[in-house]
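Here are the chains, one letter per residue:
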Amino acid sequence: MSEELQSCHEDLSTVNHQLGKKVDELESANDDLTCWMTSTDIATLLLATNHTIQRFTPPATRLFNLTPSDVGRPIDDISAHINDSALPGDIDEVLRTLMSCDRELHNDEGRCYLRRITLYRTADNCVGGVVVMYIEISALKRAEDDLRIMTSRLEDRVSERTTLLEAQRDFMKLVQDSIVEAILTVNEHGVVLSINRAGMRMFGYAANDVIGRKVNMLMPEPYRSEHDAYITRYLQGGKPHVIGVGREIQGLRNDGSTFPVWLNVSEIVRDGLRLFVGTLHDLTEQRRIEYAARERQEELTLLHRVYTAGEFAAVMAHELSQPLTAISGYSEAGLQHLRRGQVEPDGLIDKFEKITLQTQRAGQVIRELHKFLTRDAQQREPVELNALIRSVIELLTPQALARNVRIKFMPSAAPITIMALEVQIEHVLVNLVQNAIEAIQAAGKAAGTITIRTSADPGDMVHVTVQDDGPGFTGDAARRLFERFYTTKPKGLGMGLAICRSIIEAYDGQIRAEQPMEGGTVFHFTLPHQA
Ligand code: ADP
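Residues numbered from 1 in each chain as written. Predicted model: local features only at pLDDT ≥ 70, side-chain atom pairs only at ≥ 80, totals over all residues. Heavy atoms only, no water.

A.B. asks: Just give me the short version of the overall build of the protein, but keep the residues and values in it.
C.D. replies: Summing up its helical and strand segments, the protein has twelve helices and 17 strands in all. Buried positions account for 34% of the 531 residues belonging to the protein. Restricting to contacts in the protein with at least 6 residues of sequence separation, those with at least 24 account for 52%. Accessible surface, the protein as shown: approximately 32400 Å² in total, 55% of it carbon and sulfur. (Helix = DSSP H or I, 4+ residues; strand = E, 2+ residues; numbered from the N terminus. Buried < 20%, exposed > 50% of the residue type's maximum accessible area, 1.4 Å probe, protein only. Contact = heavy atoms within 4.5 Å. Areas by Shrake-Rupley, 256 points an atom, 1.4 Å probe, with all protein chains shown as cover.)

A.B. asks: Lay out the sheet that holds strand E4 (residues 112–121) in plain terms, naming residues and giving numbers.
C.D. replies: If you walk across this open sheet you meet the five strands as E2-E1-E5-E4-E3, and the pairing is antiparallel. Each edge of the open sheet is held by one strand with a lone partner, namely strand E2 (53–56) and strand E3 (101–106). Adjacent strand axes in the sheet meet at a mean angle of 20° when their direction is disregarded. Sheet contacts for helix H2 (residues 87–97): strand E1 (43–48), E3, E4 and strand E5 (127–136); angle to E4, the most-contacted strand, approximately 35°. (Pairing = 2+ DSSP bridges. Axes fitted to C-alpha atoms, helices over the stretch in contact; angles between N-to-C directions.)

A.B. asks: Talk me through the side chain of asparagine 431; I want residue IDs and the actual numbers.
C.D. replies: Summarising the element assignment, asparagine 431 is placed in helix H10 (residues 422–442). Excluding residues that lie within four positions of it along the chain, asparagine 431 makes contacts with His304, Gly496 and Cys500.

A.B. asks: Describe the nonpolar core, naming the residues involved and giving the relevant values.
C.D. replies: Core analysis: the largest hydrophobic core is formed by 50 residues, its most contacted members being Ile418, Ile425, Leu429, Ile450, Ile452 and Phe525. It is H10 that provides the largest number of residues to this core, a total of ten residues. In this structure isoleucine 450 touches Val405, Arg406, Ile407, Lys408, Val433, Ala436, Ile437, Ile440, Val466, Gln467 and Asp468, once residues within four positions along its chain are discounted. In this structure, Ile53, Leu87, Ile91 and Cys101 belong to the second largest nonpolar core, which totals 24 residues. (Core = buried A, V, L, I, M, F, W, Y, C linked by side-chain atoms within 4.5 Å.)

A.B. asks: With reference to specific residues and values, describe the side chain of threonine 465.
C.D. replies: One can find threonine 465 in strand E15 (residues 461–468). On the basis of relative accessible area, threonine 465 is assigned to the buried category, the value being 15%. Filtering out sequence-adjacent residues up to four positions away, threonine 465 remains in contact with Thr451, Ile452, Arg453, Val522, Phe523 and His524.

A.B. asks: Just give me the short version of the pattern of salt bridges, but keep the residues and values in it.
C.D. replies: Counted by the stated rule, this structure contains 23 salt bridges. Taking the shortest distance from any N to any O, the salt bridge between arginine 96 and glutamate 93 comes out at 2.9 Å. Of this pair, arginine 96 and glutamate 93 both sit in helix H2, three residues apart, which is roughly one turn of that helix. Of the charged contacts, one joins lysine 141 and glutamate 104 as a salt bridge, the two residues approaching to 3.2 Å between their closest N and O atoms. Taken together, the residues lysine 141 in helix H3 (residues 138–178) and glutamate 104 in strand E3 connect sequence positions 37 residues apart. Taking relative accessible area as the criterion, lysine 141 reaches 19% and is therefore assigned buried. One connected set of salt bridges, linked through shared partners, spans Glu104, Lys141, Glu144, Asp145 and Arg148. (Salt bridge = Lys/Arg side-chain N within 4 Å of Asp/Glu carboxyl O.)

A.B. asks: Provide a residue-level description of the sheet that holds strand E14 (residues 448–456), including the pertinent values.
C.D. replies: Consider a sheet: its strands pair through backbone hydrogen bonds, and that pairing is either parallel or antiparallel. Ordered in space as E12-E14-E15-E17-E16, the five strands form an open sheet in which the pairing is mixed. Both outer strands of the open sheet, strand E12 (405–410) and strand E16 (511–514), are each paired with one neighbouring strand and no more. With direction set aside, neighbouring strand axes in the sheet form an average angle of 15°. Of the strand pairs in this sheet, E14 and E15 are connected by seven bridges, and their pairing is antiparallel.

A.B. asks: Explain the site of the ligand to me, using residue names and the numbers behind them.
C.D. replies: Near the ligand you find 18 residues, and of these Asn435, Thr487, Thr488, Lys489 and Leu497 are the closest. Threonine 521 is positioned with one of its side-chain polar atoms (N or O) 3.2 Å from a nitrogen atom of the ligand. Contact with the protein chains removes 92% of the 530 Å² of surface that the ligand exposes when unbound. Contributing elements (two or more residues each) for the shell around the ligand: H10, helix H12 (496–506) and strand E17 (521–528). At three residues, the largest contribution of residues to the shell around the ligand is made by H10. Residue composition of the shell around the ligand, by class: eight nonpolar, eight polar and two charged. (Near = heavy atom within 4 Å. Polar contact = N/O pair within 3.5 Å; in protein donor to acceptor, adjacent residues only side chain to side chain. Nonpolar A, V, L, I, M, F, W, Y, C, P; charged D, E, K, R; others polar.)

A.B. asks: Any chance you could break down unusual backbone geometry for me, citing the residues and the numbers?
C.D. replies: Unlike most non-glycine residues, leucine 98 shows phi in positive territory, near 65°. By secondary structure assignment, the location of leucine 98 is in the loop between H2 and E3. For leucine 98, a relative accessible area of 44% corresponds to the partly exposed category. For asparagine 404, which is not a glycine, the phi torsion comes out positive at approximately 65°. Take asparagine 404: it is sitting in the loop between helix H9 (385–402) and E12.

A.B. asks: Break down the packing of H9 against H10 for me, citing the residues and quoting the values.
C.D. replies: Axis separation between H9 and H10 bottoms out at 10 Å; the angle between their running directions is 40°. Taken together, the axis directions place H9 and H10 in an arrangement best described as oblique. Crossing of H9 over H10 shows right-handed handedness. Contact with H9, carried on its side by Leu385, Leu388, Ile389, Ser391, Val392, Leu395, Leu396, Gln399 and Ala400, involves Glu422, Ile425, Glu426, Leu429, Val430, Val433, Gln434 and Ile437 of H10 and no other residues of that element. Of the residues that constitute the contact of H9 with H10, the class distribution is twelve nonpolar, three polar and two charged. (Parallel < 35°, antiparallel > 145°, perpendicular 65-115°, else oblique. Left-handed = near helix turned anticlockwise from the far one by under 90°.)

A.B. asks: How would you explain a negative patch on the surface if you had to name every residue and give the values?
C.D. replies: Together, Asp24, Glu25, Glu27 and Asp31 give the surface a local cluster of negative charge. When you line up the elements, aspartate 24 lands in helix H1 (residues 2–39). (Patch = residues over 30% accessible without salt bridge, like charges linked within 9 Å, V, L, I, M, F, W, Y side chains within 5 Å. Lys, Arg positive; Asp, Glu negative; His and termini not counted. Charge placed at Lys NZ, Arg CZ, Asp CG, Glu CD.)

A.B. asks: Explain the packing of H10 against H12 to me, and be specific about the residues and the numbers.
C.D. replies: At a minimum axis distance of 10 Å, the contact between H10 and H12 shows a crossing angle of 145°. Taken as a pair, H10 and H12 cross one another with a handedness that is left-handed. Here Gln424, His427, Val428, Asn431, Leu432 and Asn435 of H10 come into contact with H12, specifically with Gly496, Leu497, Ile499, Cys500, Ile503 and Ile504. Here the contact of H10 with H12 is built from residues that sort into seven nonpolar, five polar and no charged.

A.B. asks: If you had to explain H3 to someone new, which residues and values would you point to?
C.D. replies: Between its terminal C-alpha atoms H3 stretches 59 Å, which fits the 60 Å expected from 41 residues at 1.5 Å a residue. Looking at the buried residues of H3, the elements they touch are E3, E4, E5 and helix H4 (197–203). (Expected span 1.5 Å × (residues − 1).)

A.B. asks: Kindly report on the pairing of E12, identifying the contributing residues and their values.
C.D. replies: Looking down a regular strand, the side chains alternate between one sheet face and the other. Where burial is concerned, the two faces of E12 differ: the one with Val405, Ile407 and Phe409 is buried and the one with Arg406, Lys408 and Met410 is not. Where E12 and E14 come together, six bridges link them in parallel fashion. By the bridge assignment for E14, methionine 410 is matched with arginine 453.

If you want it as structure tokens, here you go:
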């Protein structure tokens, strides 16, 4: 019995020792919990499964009207500064589902909290109740709101900017496509990055045939082979003058034909890359006009020379015929004397014969020349006078504009056809218009106007007037204008109007100069209608 007691006592003392240890552990844990509960900044409630308060942290009093004596009371009965009417329902939900629950709440002052309910379990893993924590997230919320506002503003600005850039890009494209110059963008390796519509038209390619390929495909040799080295030299600083300075080069179309182009290159830097923008102007049409004008001018100059020679020949024929006749007469008389043997100078006879022969031949040559220079009647053909005048105006407009003189044309309502050698009538008109320009300029006028009019009555003569608002003419000029060699210009020949008269009279027309009431000069000439 005592042995049994002894054994029982030992067991009890072991259990007691273990219990003491457990109590120590529990107290230590309790101290830790109390320590955490008092020091934490987070409002926390420890509630039993029936919602009664087990413990709470000091910050919890900021949200609930709690005093230490409230321990043991249900939290549902405690008034709160935070609107958390969902708390009882959420606690029951957590106890039922064994899952924690989060909810965002606001207190009376507008602060924002994240309320988290989690289960707490006892040491033997039974549900002991719930822990309710209120974590203030106002700053986080504000930052989140700020971020949202900033993001939305940023998005608005990005969208605004995108719209603006798109509008600008569309506008630039429209502008680029509407200009007649070709515009090409090329990178440092000479690869085409863009080409506008005019460029495609000019070279006869679609954009995709050119973009991504070397720009030298648009150049004939030797430009094609030289181009890479050209860019390299430029990039190494060898030829800075190519930028911004235009130059003429040759372009190569898709069909293999070449054409003159005026090229201007400028450099831009984009995203750290050096790009070249080439602007190309097709010179083909300009060249054609220049060439036609030059040809016309040469033709007219030639004609002028021929006519001048003709007029000179006429003068020479007239001036030389008398002395030649006299020489011939004297020579023959001399010969007669010699033949009669009145003198005996050996060898003179032969010489006199030669003089006579040569002088007669000279007279003949001069007559022949005049005849040759005035033959043209058989070459006349139908010419539309108004069209001819328009081409003369086109030819002389650059010259007139350079002196601030405007050429006006008032053609007849109906076309006028004459039988003529086009170049002769052109010559008359060029002469009259050039004289008018020179007269206006010589008078020191800042600007002037030349008016050309045509009219024709059926069956009657064709009338053409060339009127200027220059100084007119004075003194004996009225009488002498059409005289050969009459000129008031320091470098004048005085043959222009004489030639005009010869031409017009060769057509059975007439030419005269008048001084209209309003001042200036008007030349009036007539030509027969086509029969
Ligand atoms: P040139 O032009 O070589 O002088 P022209 O025979 O063409 O020879 O002209 C002769 C002269 O007639 C000119 O020097 C000038 O004095 C006069 N003249 C011609 N046209 C006009 C005009 N439109 N207005 C005033 N004077 C003119």
